[in-house]
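# Fold and geometry: a report
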Amino acid sequence: MRDALVTGGAEGIGFAIARLLAAQGWRVTIADLDGEKARARAAELGEVHRGLACDVTQEAQAAEAAASAPFSALVNNAGVGDSHLPTLEQSFEAFRRVLDANLSGAFLMSREAARGMLARGGGAIVNISSIAGLTGLPKRNAYGAAKAGVVALTRSMACEWARGGVRVNAVAPAFVETALVRKLAEAGRVDLPSLRRRTPLGRLIMAEEVAAAVGFLLSDAASGVTGAVLPVDGGWTAFGDFGEAAPEA
């Protein structure tokens, strides 16, 4: 049984990924800021799985988590959202916090996990980017910059580690049907009907669909794929026409 580490895996997309990998036969370690919840979620997956507390922005914690098992797979899912404020109202402190959680954390976890993967002759890393890193989303400067950085990080590490047998890819979801997005909708910060009409498929993406893409990229079926960024966005980034992509939705 091979070991996989999923950061930010106690909720939402992260737990969907952990659940899928467990079903595919991976022994999953869920790393999350909330260690108690991570352990509870791991217990839901079965007794061979485990959870641990980890702040991916802290170098010592990242190193300890990455060295806690002989990981063949790493999923960098941990991150935070941004403020959705106009640029002139955004604070530098908040900007830096978003970059640290989404980009610096992915760098630290990848660097530390790759030490073991390269020593053992191979492995696979999947980073969670976003359509925010591929397109321009107003008022989301920090998140967009961080997720674009994740794309660049993915490509550079993929090229560096390919001959060592370590593949590095990314998945870029659009708006995903999660409790967080529903909470934003309830607060009036996103308009779900508008998002559906903007998406060619006419709906939001499900967390399980993101997980399926991650599972593929970690699998032997993707053995020839590295340095790729796979949008799981219902056609969001492909749509370039005027008006709504799915006006009937």
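I will try to describe carefully the structure that is included in this document. Keep in mind that what you see is a predicted model, and the values were worked out from it rather than measured. Every chain is numbered independently, its residues counted from 1 as its sequence is written. Note on the predicted model: pLDDT of at least 70 is required for a residue's local features to be given, and 80 or more for side-chain atom pairs to be given and counted; whole-chain, interface and lining totals, by contrast, use all residues. The side-chain numbers reported here are obtained from all heavy atoms of the structure, hydrogens and water having been left aside.

## Remarks on the overall build of the protein
This is how the line gets drawn: A run of DSSP states H or I qualifies as a helix once it reaches four residues; a run of E qualifies as a strand once it reaches two. Both are numbered from the N-terminal end. Our radius of gyration is a C-alpha quantity, and the globule rule it is checked against amounts to 2.2 Å times the number of residues to the power 0.38. Only protein chains enter the area calculation, which uses a 1.4 Å probe; residues under 20% of their type maximum are buried, those over 50% are exposed, and those in between are partly exposed.
On a plain count of helices and strands, the protein comes out with eight helices and seven strands. Rg of the C-alpha trace for the protein: 18 Å, near the compact-globule value of 18 Å for 249 residues, within the 12% margin. Overall, the protein is about 50 × 40 × 35 Å in size when its C-alpha atoms are taken along their principal axes. Taking all 249 residues of the protein together, 48% fall into the buried category.

## Observations regarding the nonpolar core
Keep this limit in mind: The definition of a nonpolar core used throughout is a set of buried Ala, Val, Leu, Ile, Met, Phe, Trp, Tyr and Cys residues joined through side-chain atoms within 4.5 Å. Residues are treated as being in contact if the distance between any of their heavy atoms lies within 4.5 Å.
The biggest cluster of nonpolar side chains holds 41 residues, and the ones touching the most others in it are Ile17, Leu21, Val28, Val171 and Leu218. Discounting chain neighbours no more than four positions away, the residues touching Leu218 are Leu21, Trp26, Ala73, Leu74, Val75, Ala124, Ile125, Val126 and Arg167. Counting 25 residues, the second-largest nonpolar core is a separate cluster that includes Cys54, Ala114, Ile125 and Ala158.

## Looking at the packing of helix H3 (residues 59–66) against helix H4 (residues 92–120)
The relative placement of two packed helices comes down to the angle between their axes together with the axis-to-axis distance. Defined as follows: Fitted lines through C-alpha atoms serve as axes, helices being fitted only where they are in contact, and the angles separating the N-to-C directions of these axes extend from 0 to 180 degrees. With respect to orientation, any angle under 35 degrees is reported as roughly parallel, any angle over 145 as roughly antiparallel, any angle of 65 to 115 as roughly perpendicular, and every other angle as oblique. By definition, any crossing whose near helix is turned counterclockwise from its far helix by less than a right angle is left-handed, and any crossing with a clockwise turn is right-handed. In this classification, the charged set is Asp, Glu, Lys and Arg, the nonpolar set is Ala, Val, Leu, Ile, Met, Phe, Trp, Tyr, Cys and Pro, and all remaining amino acids, among them Gly, are polar.
Put simply, H3 and H4 touch, their axes get as near as 9 Å, and they point 40° apart. As the angle between them shows, H3 and H4 are arranged oblique. Seen from above, H3 lies across H4 with right-handed handedness. Along the contact surface, H3 presents Glu59, Ala62, Ala63, Ala65 and Ala66, while H4 presents Leu108, Met109, Arg111, Glu112 and Ala113. Its residues placed into classes, the contact of H3 with H4 shows seven nonpolar, no polar and three charged.

## Overview of the pattern of salt bridges
Threshold: Whenever a carboxyl oxygen of Asp or Glu lies within 4 Å of a side-chain nitrogen of Lys or Arg, that contact is scored as a salt bridge.
This model, assessed by the stated rule, comprises 13 salt bridges. Linking Glu112 and Arg115 is a salt bridge whose minimum nitrogen-to-oxygen distance equals 3.1 Å. Here Glu112 pairs with Arg115, and both are found in helix H4, just three residues apart, close to one helical turn.

## Structural notes on the packing of aromatic side chains
Cut-off, in case you're wondering: Centres within 6.5 Å are what make two rings of Phe, Tyr or Trp a pair, Trp counting through its six-membered ring; a difference in plane orientation under 30 degrees is then read as stacked, over 60 as edge-to-face, and the rest as tilted. Cation placement over rings: the criterion is NZ of Lys or CZ of Arg within 6 Å of the ring centroid and within 35° of the ring normal.
Enumeration over the complete set of coordinates arrives at one aromatic pair. For the ring pair Phe175 and Trp236, a centre distance of 5.7 Å and an interplane angle of 55° mean the geometry is tilted. Of this pair, Phe175 sits in the loop between strand E6 (166–173) and helix H6 (179–186) while Trp236 sits in the segment after strand E7 (229–232), placing them 61 residues apart in sequence. Overall, the relative accessible area of 17% leaves Phe175 in the buried class. Arg41 extends its terminal NZ or CZ atom over the ring of Phe15, reaching a point 4.2 Å from the ring centre.

## As for helix H2 (residues 35–45)
Short version of the rule: Note: the arc covers the axis-to-C-beta directions of the helix. Polar contacts, as used here, are pairs of N or O atoms within 3.5 Å; protein pairs need one atom able to donate a hydrogen and one able to accept it. Residues neighboring in sequence count only if both atoms are side-chain atoms.
All of the buried residues in H2 are Gly35, Ala38, Arg41, Ala42 and Leu45. Seen along its axis, H2 keeps its buried residues to an arc of 120°; they face one direction. Opposite the buried face of H2, at more than 90 degrees from it, the exposed residues are Glu36, Ala43 and Glu44. The elements touched by buried residues of H2 are helix H1 (12–23), strand E2 (27–32) and strand E3 (50–53). You can read the cap of H2 off the contacts: a side-chain oxygen lies 3.3 Å from the backbone nitrogen of Glu36, and it is on Asp34.

## Quick look at the pairing of E3
What counts, and what does not: Two strands are counted as paired when DSSP detects at least two bridges linking them. Looking down the strands as they point away from you, a crossover is right-handed if its path from the first strand over the helix to the second goes clockwise.
Relative to E3, E2 is paired through four bridges, and the arrangement is parallel. When the bridges of E3 are listed, Thr29 appears paired with Arg50. With H2 bridging E2 and the parallel E3, this β-α-β connection has right-handed handedness.

## A word on the sheet that holds strand E1 (residues 3–7)
Sheet architecture is open: seven strands sit in the order E3-E2-E1-E4-E5-E6-E7, paired in parallel fashion. Every interior strand has two partners, whereas the edge strands, E3 and E7, have only one. Along the sheet, successive strands turn relative to each other by an average axial angle of 20°, direction set aside. With four bridges joining them, E1 and strand E4 (residues 71–76) adopt parallel strand pairing. Looking across to E4, one finds that Leu5 is bridged to Leu74. The strands that H2 touches are E2 and E3; relative to E3, the one it contacts most, it runs at about 170°.

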